[in-house]
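Summary of structural features
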Amino acid sequence: MADETAKGTAGFIFEMGVMKQAKRTGWWFTGNNNPESIADHSFRVGIIGSVLAMMEGVDPAKVALMCLFHDTQETRIGDIPHIGRRYIDAASNATVTADQVARAHPAVKAGVQRVVAEYEANDSPEAIVAKDADKLECLVQALEYRAQGNTLVQDWIDTSLNSLKTASARELAEAALNMSPLEWRQTFLR
């Protein structure tokens, strides 16, 4: 039995590698033919979530964990753009996650499902911060794409900004909106 759960857990790890190849498809609507991968997005969501959690006084490790797992279901259902969700009746993230970890070690199965369920419920302070991290990352990515010459990102900026719930996320969004994506380098180039 231990061999089977080890194989199931290893299989889950291999499946998560798909996130490095799968692209965030919503950016295609802006004319971006080579958008970030789901893994690229999830990594920065985790960093942003940790930062926001520290600013908001909630558990940064718990928020980072939620951020890490928030889009893992996309290995099975893809990154369905917001507009596409109107036409597709996809399985819930909880259902996809349950299938993904069905053969994993019992502690992994329970742990991953618990993290995803809390994120999806969005009723804990950590989940609210994790959701804000996801939206703030989208806003920051849109600002970077705009700075690279992609002018069709304003809807992503506006939607993300309007979705933010925490004071810290709104504060960081306002700062990001009023600076260049490379302004951070100026401190070290003087």
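Residues numbered from 1 in each chain as written. Predicted model: local features only at pLDDT ≥ 70, side-chain atom pairs only at ≥ 80, totals over all residues. Heavy atoms only, no water.

**Describing the pattern of salt bridges**
Which entries qualify depends on this criterion: A side-chain nitrogen of Lys or Arg and a carboxyl oxygen of Asp or Glu constitute a salt bridge if their distance falls within 4 Å. Comment: elements are numbered from the N terminus, with helices defined as DSSP H or I runs of at least four residues and strands as E runs of at least two. For each residue, the accessible area found with a 1.4 Å probe, counting protein chains only, is set against the maximum for its type, and the residue is called buried under 20%, exposed over 50%, and partly exposed in between.
As enumerated under the stated definition, the model contains 7 salt bridges in all. Salt-bridge contacts for Arg-103 lead to Glu-4; the nearest nitrogen and oxygen are separated by 3.3 Å. Residue Arg-103 is found in the loop between α5 (93–100) and α6 (106–121), and its partner Glu-4 is found in helix α1 (residues 2–16); the two are separated by 99 residues along the sequence. Residue Arg-103 is classed as exposed on the basis of its relative accessible area, which comes to 53%.

**Observations regarding the side chain of Ser-168**
Rules: Polar contacts here mean pairs of N or O atoms no more than 3.5 Å apart (in protein, one a potential hydrogen donor and the other a potential acceptor; neighbouring residues in sequence count only if both atoms are side-chain atoms). We call two residues contacting when some pair of their heavy atoms lies within 4.5 Å.
For Ser-168, the position within the fold is in helix α9 (residues 167–177). A polar contact of 2.5 Å, which involves the side chain of Ser-168, links it to the side chain of Glu-56. In this structure, Ser-168 is in contact with Leu-52, Met-55 and Glu-56, ignoring residues within four places of it in sequence.

**Thoughts on the nonpolar core**
Taken as a class, soluble globular proteins show a tendency for nonpolar side chains to be buried jointly. For clarity, the cut-off: For this analysis, a nonpolar core means a set of buried residues of the types Ala, Val, Leu, Ile, Met, Phe, Trp, Tyr and Cys, connected via side-chain atoms within 4.5 Å.
Leu-52, Val-63, Leu-136 and Leu-139 are the most contacted members of the largest nonpolar core, which totals 36 residues. Broken down by secondary-structure element, the contributors of at least two residues to this core are α1, α2 (38–56), α3 (60–69), α6, α7 (125–147) and α9. Broken down by element, the residue count for this core peaks at 10 residues, all from α7. Each residue touching Val-63, except ones within four places of it in the same chain, is listed here: Gly-49, Ser-50, Ala-53, Val-58, Glu-126, Val-129 and Ala-130.

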